[in-house]
Amino acid sequence: MINIEIDGKQVTVPKGSTVMEAAKQVGIYIPHFCYHKKLSIAANCRMCLVEVEKAPKPLPACATPAADGMKVSTQSQQAVTAQKGVMEFLLINHPLDCPICDQGGECQLQDLAVGYGSSGSRYQEAKRVVTNKNLGPLISTDMTRCIHCTRCVRFGQEIAGIMELGMAGRGEHSEILSFVGKTVDSELSGNVIDLCPVGALVSKPFRYSARTWELSRRKSISPHCGLGSNLVVQVKQDRVMRVLPRDNESINECWLSDKDRFAYEGLNSDDRLRTPLIKRDGQWQACNWQEALAFAVDGVQKVIQKHGQQAIGALGSPHSTLEELYLLQKLVRGLGSQNIDHRIRQSDFRADTVMPGIPWLGTPIANVSELKAMLVIGSTLRKDHPLLAQRMRQAVKQGGQLSLINPVNDDLLTKVAHRAIVAPSAMAGVLAQVLKAAADIKGARIPSNVQAAVESVDVSETARAMAGSLIEQTPAAIFLGNLAQHHPQYADLLALAEALSTITGASFGVLGEAANSVGAFVAGAVPWMNTTQTAADSESSPTGMNAGQMLGWAASSQEGCRGYILMNLEPELDSYDTQRAIQALSKADFVVSLSSYQGNVPNYAHVILPIAPFTETSGTFVNTEGRLQGFNGVVPPLGETRPAWKVLRVLGNLLQLDGFDYETSEQVRAEIVPDGQQLSQLLNNSLATYAVSILHPVKSIERIGEVPIYQADPIVRRAASLQATRDAALPVAFISTGLLDKLGLQAGEAVRIKQGEQAIQVTTTRDDSLPDNCVRLACAYPQTAMLGAMFGEIELEKL
């Protein structure tokens, strides 16, 4: 620690700190543009010039190391004159367009010009004009305003991991440019809007729609990914106009993914439901709430009378709140059924009976940046978890090693130390190799539940290197991504990961798919537990059907349900096997859908109850690290829309069920998580008694069906600007050269792909990073919805 003096105030700071950091510590503001706490030091705006005792000239506070005994003045005549001189130069070419600039009212240049600028300009020559650049559908440019702070350039290189913007030219001819013919396509690109201190980079969806002083600012939590990013939602006239990040160092830091930032457009979609709808004599009719609820209750009761209590099933979305999922399961269990689930993209439910707790990340989110070794299994990491991927990039920058077992080889924009790109059916075998290698290196005994499966595998050099990385580098972690959670051998992958964790000492867990993936378990929205028991206790309790059994893709002696209650779902896009899901719903006697959007719901539902999205209701999300985060509605419900927890409360009362007398969502939460209860005691990834059976890789053509970043949930699917991005392009079949040649196909040709009873026609694209017997074809698109499972055998025919 060293002692320095700033404006007469003594401050003690760690050795290596800058004058800027020291000043912030004692609350002294030094004007700046290029400096940002998360970015490297550029010192190119020169606005932070300060006077340092014995220095021959003013020095930039952001780049000047603090020295013991240093005396700094930020308000002296020399410092202020220097700062005013810099401001005059910055304003020489700046256009006088504050009245039409979206940055007006929250512009650093505007604010500092008031304090350090003069009332008029001495510059008489012609100002330069810079042509605007097309950076894509999310970022709008006015590059004449640019002051060349290079924050956007450094963000791309240091945080997003890809240099999509750079500065060309010298002096007055300097410009911020994208590469020729390229747009900015990073999944974190919107952060440059926040970073830009002037109006050079602004939000294209928000452009000219409101002034900042007209907006109310309200706190919220993102429902889209497992992180639970903290938001500031800005509202005008009861309409969400913009979403910005709210600083939380332990979760999203000061960043937002584009999905969290721009998905709000979907809240104002023309597809939003505004009034209840019922289906009579094959015709849809708008009606009031009383009539719709009575119709729903009558339909549910008729199903129970005709087929029994176990004929009713409920499916909720992990994007729904803790309170909504709790009341959904309470409603179904009150009717006498245990058929409740939220895992509608999961295919393997074999581990359900041995899970002692709730699957979670296995380590605090903030610790990911400090890991020295990471093994990620089955994940399109950048697209599924943009901000966790960013933390992993920071860990690699600090010397960490990232290893990957995956069916796809997407560019993670960071160094990957070891990778095994294999067909989905071979993933468990590779993980078993890593486990065997780790046991050999450590001289440890392989746990008995996986021993038989591991003994038969031959260890590759890649697997041995992965094992060595986890053992030699600490702290280490093993993560199972979305592809692994959807995988037909998910239970095997989880058990092998646990055994590997035991031997290497690494933590292990799952990367939560949605904002409430953990909270759904806490709420009891699974068929084998409720909020009063753990999975281990549930053996003596009646167990209902899981999502796969209810919708027909999991092995079951039963034939699905005869009546369904769906909440916040579009099963034709959100299911593991959409083909069978639609068949199951089409055969049902009665389907109640609680939905914010109409979409294709009229094709299979009998009554549609319009529910509020997260901005129009209060509730709670439990993120992937098990953190409970509550939020309030920021705008009133649209039209006749009602919060889902209120709709479920009234349904419970109309069905004459006990315990549905809540007046607020806080009362519901208090019943789920009493004051003082710690959720940490419920979190447990262990599968100690599960016996692993590794299947041999199949030789047929396998589908890799990931969920694209902007197709993951109903709100995102309706965000127009996100749907115009490169990541939302229409699905194509990615095929390796070897498989194209084997089938006699050419890249760019149309091909017929058959899966189950259905077939679709798509265009082929060459991707030599894929395994030779695999076709990568995204799901969750209307164009691919009629195909079957996300993984499994498919057939290709040349047209």
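Each chain carries its own residue numbering, running from 1 in the written order of its sequence. Thresholds applied to this predicted model are a pLDDT of at least 70 for local features of residues and 80 or more for the giving and counting of side-chain atom pairs; totals over whole chains, interfaces and linings are not thresholded and use all residues. Remark: hydrogens and water are excluded; side-chain values derive from all non-hydrogen atoms of the structure.

Draft legend 1. Broad picture of the overall build of the protein. Starting at the N terminus, helices and strands are each numbered in turn, a helix being any DSSP run of H or I of at least four residues and a strand any DSSP run of E of at least two. Within the protein, the secondary structure is distributed over 24 helices and 33 strands. A compact globule built from 799 residues should have a C-alpha radius of gyration of about 28 Å, and the protein, at 28 Å, falls within 12% of that. A principal-axis box enclosing the C-alpha atoms of the protein has dimensions of 90 × 65 × 60 Å. Partly exposed describes any residue whose relative accessible area lies between the buried limit of under 20% and the exposed limit of over 50%, with all areas from a 1.4 Å probe on protein chains only and scaled to the type maximum. When the 799 residues of the protein are sorted by exposure, 62% land in the buried category. Note on definitions: a residue-residue contact is assigned when non-hydrogen atoms from the two residues lie within 4.5 Å. Relative to all contacts within the protein whose residues are 6 or more apart in sequence, the contacts with residues 24 or more apart total 72%. Every accessible area reported is derived by Shrake-Rupley at a probe size of 1.4 Å, with residue values counting cover from the shown protein chains alone. Taken as a whole, the protein presents about 30,800 Å² of accessible surface, with 49% of it coming from carbon and sulfur. Charge centroids of the protein, computed over 73 positive and 80 negative side chains, lie 4 Å from each other. With the radius of gyration taken over C-alpha atoms, the globule rule is written as 2.2 Å times the number of residues to the power 0.38. By the counting rule applied here, Lys and Arg register as positive and Asp and Glu as negative, while His and the ends of each chain are not counted. Here the site of a charge means atom NZ of a Lys, CZ of an Arg, CG of an Asp or CD of a Glu.

Draft legend 2. Examining unusual backbone geometry more closely. Here Thr-474 and Pro-475 are connected by a cis peptide whose omega angle stands at 0°. Relative to the helices and strands, Pro-475 resides in the loop between helix 13 (461-472) and strand 20 (476-480). Phi at Gln-237 takes a positive value of approximately 50°, unusual for a residue other than glycine. Summarising the element assignment, Gln-237 is placed in the loop between strand 11 (230-236) and strand 12 (239-245). Under the relative-accessibility criterion, Gln-237 is labelled exposed at 71%.

Draft legend 3. Spatial organisation of the pairing of strand 25 (residues 619-622). The alternating pattern of strand 25 places Gly-619 and Phe-621 on one face and Thr-620 and Val-622 on the opposite face, and all of these are buried. For two strands to be treated as a pair, DSSP must find no fewer than two bridges joining them. Sheet analysis places strand 25 next to strand 26 (residues 628-631), joined by four bridges and oriented antiparallel. Counted as the bridge partner of Gly-619 is Phe-631 from strand 26. The turn joining strand 25 and strand 26, which pair antiparallel and follow one another in sequence, is formed by five residues; a positive phi near 85° is taken by Gly-626.

Draft legend 4. Geometry of the environment of Val-26. Looking at where Val-26 falls in the secondary structure, it is placed in the loop between helix 1 (19-25) and strand 3 (49-52). Beyond its immediate stretch of four places on either side in the chain, Val-26 contacts Lys-9, Gln-10 and Val-11.

Draft legend 5. View of the UniProt feature "domain: 4Fe-4S His(Cys)3-ligated-type" (unreviewed entry) in the protein. Per the UniProt record, "domain: 4Fe-4S His(Cys)3-ligated-type" (unreviewed entry) is found at residues 78-117. Summarising residues 78-117: 57% helix, 0% strand, and an end-to-end C-alpha distance of 16 Å. UniProt positions are given in the numbering used here, feature names are shortened, and annotations may be inferred rather than shown by experiment.

Draft legend 6. Quick peek at the packing of helix 12 (residues 448-455) against helix 15 (residues 490-504). Relative orientation of the contacting elements helix 12 and helix 15 amounts to 105°, with a least axis distance of 10 Å. Compared by their axis directions, helix 12 and helix 15 come out roughly perpendicular. Residue-level inspection shows Asn-449, Val-450 and Val-454 of helix 12 in contact with helix 15, the latter providing Ala-495, Leu-496 and Ala-499. A per-class count over the contact of helix 12 with helix 15 returns five nonpolar, one polar and no charged. Whenever a helix is involved, its axis is fitted only over the stretch in contact; in every case the axis is a line through C-alpha atoms, and angles between N-to-C directions fall within 0 to 180 degrees. For classification, angles of less than 35 degrees are called roughly parallel, those exceeding 145 degrees roughly antiparallel, those between 65 and 115 degrees roughly perpendicular, and all remaining angles oblique. Throughout, the ten residues Ala, Val, Leu, Ile, Met, Phe, Trp, Tyr, Cys and Pro are labelled nonpolar, Asp, Glu, Lys and Arg are labelled charged, and all others, Gly among them, are labelled polar.

Draft legend 7. Representation of the domain arrangement of the protein. Parsing the protein into structural domains produces domain 1 (1-92), domain 2 (277-351 + 517-681), domain 3 (365-510) and domain 4 (702-798). Facing 17 residues of domain 3, the contacting portion of domain 4 comprises 15 residues. Here's the idea: put two parts together, see how much 1.4 Å probe accessible area each one loses, and the total over both is what we call buried area. Buried surface at the junction of domain 3 and domain 4, both sides included, amounts to about 1,300 Å², of which 66% is carbon and sulfur. By the criterion of area lost to domain 4, the three top residues of domain 3 are Lys-383, Pro-424 and His-486, representing 34% of everything that side buries. By salt bridge we mean one thing: a side-chain nitrogen of Lys or Arg within 4 Å of a carboxyl oxygen of Asp or Glu. Across the domain 3-domain 4 interface, the total number found is two salt bridges. As a salt-bridge pair, Lys-383 and Asp-727 come within 3.0 Å of each other at their nearest N and O atoms. Nitrogen and oxygen atoms within 3.5 Å of one another constitute a polar contact, given that in protein one can donate a hydrogen and the other can accept it, and given that sequence-neighbouring residues count only through two side-chain atoms. Between domain 3 and domain 4 we count three residue pairs in polar contact (both at pLDDT 80 or more) in total. Those elements that provide at least two residues to the side of domain 3 that touches domain 4 are helix 9 (381-384) and helix 14 (482-486). Counted by class, the side of domain 3 that touches domain 4 contains nine nonpolar, five polar and three charged residues. All domain edges in this entry derive from an automatic or database-based domain assignment.

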